[in-house]
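# Survey of secondary and tertiary structure
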Amino acid sequence: MNRLAAALAAGALAVGVAVTGCGPAAFSHVVAEQTDPSDSPDFNGDLTDESVPVAPQGAAVPQSNPDTSNPQTVESYLTDIVADAHKVWADYFKRLGLEEPRVTYTIISPGHAPVESRCANPGEPPLVVSTDTKNAFYCPADEREAGFRGAIYLPVITMQQMWTGTVLGQPSKQGGDFAAAIITAHEFGHHIVDELRLQYQAKGFTYPEPTAPWDELIADCMAGVWAASAYQSGYLDASDFAEAEAALEAIGDAPGDPGDHGTPEQRVQALRTGYFGTGEYGPAEPFACTSTYWR
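Quick caveat, the model's predicted, so the values are computed rather than measured.

So, on to the overall build of the protein. Of the regular secondary structure elements, the protein holds eight helices and nine strands. Taken across its 295 residues, the protein has 53% of its residues classed as buried. With an accessible surface of roughly 12,000 Å², the protein has 51% of that area assigned to carbon and sulfur atoms.

Dropping the structure here:
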């Protein structure tokens, strides 16, 4: 047990119930301030030698029409992105000897009733997500199907607007379908962090939940890890990555606002850390994310 686990040994950690959105302010589909780096958890080498297995060049990939998106196209595209992210992370967890991460995702299309979550921001009622809610969310407390831990919520109209350069209500300097993909991968990244923490906790290693803004930055970083696999699969080019960078830049905390998501520069750097790696860890190595942002 490392120093963090020892400090927390008096009580097990429970998953929090605060909603996690990415904007400023086996797998199931339900339709409808600088700190000391030494404070980062030490995973005792469990993650240091493993990178995300990338898809072979030329593999089947998600497709959308970047010029003529419609709700049906958006829903299909998001479904493909979640399925691809699930496969990438399931393969990675298998290589670590961990259980497959299990999360539900709900795509709220036009005409479908709003979906209520158990999560809530402090002092607010439980979250209700409709098709045009100006954010995407991950709630660790929602168990929409037995055996699945956490839920991702993707509002179609809000995601559709990313094709034309509006990201969660904020203007982006470069719109496109990959902006929606990276926001989706970010929400999946929150779930991956929860799964790592809880599954290692079951093995006797206790780690705290990342605190703001590091919880958002580590999810950005995990999205970058997934994007590295997307590149190797053959459906990400330089303009796609620029869309992803622009999306996270658009929803970073405003200058002078302490916020809880990270500045535009921090968010872009977190994405690049997962994608390109660090001096110590190579591209698509999740330990680059956990060692940098788990605080």
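For the rest of this paragraph, the subject is the packing of aromatic side chains. For the coordinates displayed, the defined rule picks out 11 aromatic pairs. Arranged with centres 5.7 Å apart and planes meeting at 80°, the rings of Trp89 and Tyr92 form a pair that is edge-to-face. Of this pair, Trp89 and Tyr92 both sit in helix H2 (residues 71–95), separated by three residues, roughly a single helical turn. Overall, the relative accessible area of 0% leaves Tyr92 in the buried class. With 4.8 Å between their ring centres and 75° between their planes, Tyr281 and Phe287 make a pair best called edge-to-face. An identical accessibility class is assigned to Tyr281 and Phe287; each is buried. Clustering of aromatic rings is evident, with ring pairs tying together Trp89, Tyr92 and Phe93. Just above the ring of Phe148 sits the side chain of Arg102; from NZ or CZ to the centre is 4.3 Å. Arg295 extends its terminal NZ or CZ atom over the ring of Trp214, reaching a point 4.2 Å from the ring centre.

Bringing the pattern of salt bridges into the picture now. Tallying each qualifying case throughout the model produces six salt bridges. With its nearest N and O atoms 3.1 Å apart, the salt bridge here joins Lys173 to Glu249. Placement of Lys173 in the loop between strand E9 (170–171) and helix H4 (177–202) and of Glu249 in helix H6 (residues 238–250) is noted, with a sequence separation of 76 residues between them. Among the salt bridges present, the one from Arg267 reaches Asp220, with a minimum N-O distance of 2.8 Å. Of this pair, Arg267 sits in helix H7 (residues 264–276) while Asp220 sits in helix H5 (residues 214–233), and the two are 47 residues apart along the sequence. A single burial state applies to Arg267 and to Asp220, both of which are buried.

The next point concerns the side chain of Glu216. Here Glu216 shows up in helix H5. Buried and unpaired, Glu216 has Arg267 as its nearest opposite-charge partner, separated by 4.3 Å. At a separation of 3.0 Å, a polar atom in the side chain of Glu216 contacts the side chain of His186.

Over its 20 residues, H5 extends 29 Å from the first C-alpha to the last, a length consistent with the 28 Å expected when each residue adds 1.5 Å. Across the 20 residues of H5, 17 count as buried, placing the element largely inside the fold. Immediately downstream of H5, the backbone of Gly234 shows phi near 100°, a positive value.

It is worth spelling out the state of the cysteines at this point. What the rule picks out here adds up to two disulfides. The disulfide partner of Cys119 is Cys139, and the S-S distance across this bridge is 2.0 Å. Around the S-S axis, the bridge from Cys119 to Cys139 shows a dihedral of about 85° and counts as right-handed. With Cys119 in the loop between strand E4 (115–116) and strand E5 (128–129) and Cys139 in strand E6 (residues 137–139), this pair connects stretches of sequence that are 20 residues apart. In this structure, Cys119 and Cys139 share a single accessibility class: buried. The side chain of Cys221 participates in a disulfide bridge whose partner is Cys289; the two sulfur atoms lie 2.1 Å from each other. The S-S bond linking Cys221 to Cys289 shows a torsion near -80°; that makes this disulfide left-handed. Highlighted residues: Cys221 in helix H5 and Cys289 in helix H8 (residues 286–293), separated in sequence by 68 residues. An identical accessibility class is assigned to Cys221 and Cys289; each is buried.

Overall, the relative accessible area of 69% leaves Lys173 in the exposed class. C-alpha of Lys173 to C-alpha of Ala246: the two residues are 73 residues apart in sequence and 6.1 Å apart in space. Sequence-distant contacts of Lys173, defined by excluding residues within four places in its chain, comprise Ala246 and Glu249. At a separation of 3.1 Å, a polar atom in the side chain of Lys173 contacts the side chain of Glu249.

Cut-offs used in this document
Residues numbered from 1 in each chain as written. Predicted model: local features only at pLDDT ≥ 70, side-chain atom pairs only at ≥ 80, totals over all residues. Heavy atoms only, no water. Helix = DSSP H or I, 4+ residues; strand = E, 2+ residues; numbered from the N terminus. Buried < 20%, exposed > 50% of the residue type's maximum accessible area, 1.4 Å probe, protein only. Areas by Shrake-Rupley, 256 points an atom, 1.4 Å probe, with all protein chains shown as cover. Phe/Tyr/Trp six-rings, centres within 6.5 Å; stacked < 30°, edge-to-face > 60°. Lys NZ or Arg CZ within 6 Å of the ring centre and 35° of its normal. Salt bridge = Lys/Arg side-chain N within 4 Å of Asp/Glu carboxyl O. Lys, Arg positive; Asp, Glu negative; His and termini not counted. Polar contact = N/O pair within 3.5 Å; in protein donor to acceptor, adjacent residues only side chain to side chain. Expected span 1.5 Å × (residues − 1). Disulfide = S-S within 2.5 Å. Contact = heavy atoms within 4.5 Å.

Scope: geometric values only; no functional claims are made or implied.
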